[in-house]
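Observations on the model geometry
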Amino acid sequence: LGDLSEHLIPLIHEKCIGCPAAAAYAPPELIELGKPHPVRVIDPSRDNVLMTFDYELRGDGLGYAGGRKNQDFIKGWNNNDQSMYWEFRTARKGTFDFALNYATGRENEEGELELIIDGQSVPFHYTGFVTSNGRPTTLPIGSIKLERGKHTCELRGVSTTGSAYPRPYALVINKQTK
């Protein structure tokens with residue numbers, strides 16, 4: 001290979017659009033060009049949206065909706081054996097605000113979900129929201145302190161009053177402004 005610097009790029013450029021261009025990264029945070037790297041990079045200075053297709057679906061029956069405009073959600077989430085999982089990396093430590101963009105099938109549905117980050121469970125309650133224009137509602141989940149580096153995240157159902165859990169559109173991660 002010769003000089004590895006010709007084949008390595010900063011990880012921040014892999015999937016993070018609009019990230020700081022002048023960010024300095026140590027050699028362990030470099031990736032080889034042409035190699036798949038599924039870890040999403042979170043920019044600590046802006047809103048970060050992990051869309052439906054960023055998730056790894058776990059459990060039978062979960063699927064992606066059509067993917068067209070207003071059909072970019074997860075469908076078929078109806079039992080506790082199913083979940084959405086992904087990995088992300090933060091370039092700096094900090095406290096981040098998490099929120100879920102979602103809709104439900106009926107107004108009278110509600111239940112409990114949990115976001116598990118690095119093994120730490122953050123339970124939260126959702127209520128029914130039926131969209132008429134294809135746009136989801138945003139539900140704040142909570143603030144979580146993260147160290148610099150790689151993190152795992154999983155969205156799991158705990159209980160629901162309906163026949164299915166909500167349809168997730170995206171997980172939003174914002175740097176806390178306090």
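Residues numbered from 1 in each chain as written. Predicted model: local features only at pLDDT ≥ 70, side-chain atom pairs only at ≥ 80, totals over all residues. Heavy atoms only, no water.

1. So, the nonpolar core
Grouped together as the largest cluster of nonpolar side chains are 28 residues, with contacts concentrated most on Trp 86, Phe 98, Leu 115, Leu 155 and Leu 171. Only strand 8 (83-90), strand 9 (94-103), strand 10 (110-117), strand 11 (120-127), strand 12 (137-146), strand 13 (149-160) and strand 14 (167-175) provide two or more residues apiece to this core. With sequence-adjacent residues up to four places away left out, Leu 155 is seen in contact with Trp 77, Ser 83, Met 84, Trp 86, Leu 100, Leu 113, Glu 114, Leu 115, Phe 124 and Pro 168. (Core = buried A, V, L, I, M, F, W, Y, C linked by side-chain atoms within 4.5 Å. Buried < 20%, exposed > 50% of the residue type's maximum accessible area, 1.4 Å probe, protein only. Helix = DSSP H or I, 4+ residues; strand = E, 2+ residues; numbered from the N terminus. Contact = heavy atoms within 4.5 Å.)

2. Looking at the packing of aromatic side chains
Overall, the coordinates contain five aromatic pairs when judged by the stated rule. Relative to Tyr 165, the ring of Trp 77 lies with its centre 4.9 Å away and its plane at 35 degrees, an arrangement referred to as tilted. Taken together, the residues Trp 77 in the loop between strand 7 (74-75) and strand 8 and Tyr 165 in the loop between strand 13 and strand 14 connect sequence positions 88 residues apart. Of the two residues examined, Trp 77 and Tyr 165, each falls in the buried class. Ring centres of Phe 88 and Phe 98 lie 6.5 Å apart, and the angle between their planes is 55 degrees; this geometry places the pair in the tilted category. Here Phe 88 is found in strand 8, whereas its partner Phe 98 is found in strand 9, with 10 residues between them in sequence. A single burial state applies to Phe 88 and to Phe 98, both of which are buried. The aromatic ring of Phe 73 is capped on one face by Arg 167, whose charged end is 4.9 Å from the ring centroid. (Phe/Tyr/Trp six-rings, centres within 6.5 Å; stacked < 30°, edge-to-face > 60°. Lys NZ or Arg CZ within 6 Å of the ring centre and 35° of its normal.)

3. Concerning the sheet that holds strand 14
If you trace the four strands from one edge of the open sheet to the other, you get 4-14-9-12, paired in antiparallel fashion. Only two strands of the sheet have a single partner each, and these edge strands are strand 4 (48-51) and strand 12. Taking the axes of each pair of neighbouring strands and ignoring which way they run, one obtains an average angle of 25 degrees across the sheet. Pairing of strand 9 with strand 14 involves eight bridges; the strand directions are antiparallel. Bridging across to strand 14, Tyr 102 finds its partner in Pro 168. (Pairing = 2+ DSSP bridges. Axes fitted to C-alpha atoms, helices over the stretch in contact; angles between N-to-C directions.)

4. Remarks on the confidence of the model for the protein
On average, residues of the protein score 79 in pLDDT, and 76% of them are at 70 or above. A low-confidence stretch, residues 1-37 (pLDDT under 50), is modelled with 44 contacts involving residues beyond four sequence positions or located in other chains. (pLDDT = per-residue confidence, 0-100.)

5. Side note on the pattern of salt bridges
Enumeration according to the criterion identifies four salt bridges in this entry. Between Arg 58 and Glu 56 there is a salt bridge, with the nearest N and O atoms lying 3.1 Å from each other. Residue Arg 58 is classed as partly exposed on the basis of its relative accessible area of 31%. The salt bridge involving Arg 106 is made with Glu 109; its shortest N-O contact spans 3.6 Å. (Salt bridge = Lys/Arg side-chain N within 4 Å of Asp/Glu carboxyl O.)

6. Regarding the side chain of Glu 109
Here Glu 109 is to be found in the loop between strand 9 and strand 10. Exposure remark for Glu 109: the relative accessible area of 5% places this residue in the buried category. A polar contact is formed between the side chain of Glu 109 and the backbone nitrogen of Gly 105, at a distance of 3.4 Å. Contact partners of Glu 109, with chain neighbours within four places excluded, come to Thr 104, Thr 127, Gly 128, Thr 161, Gly 162, Ser 163 and Ala 164. (Polar contact = N/O pair within 3.5 Å; in protein donor to acceptor, adjacent residues only side chain to side chain.)

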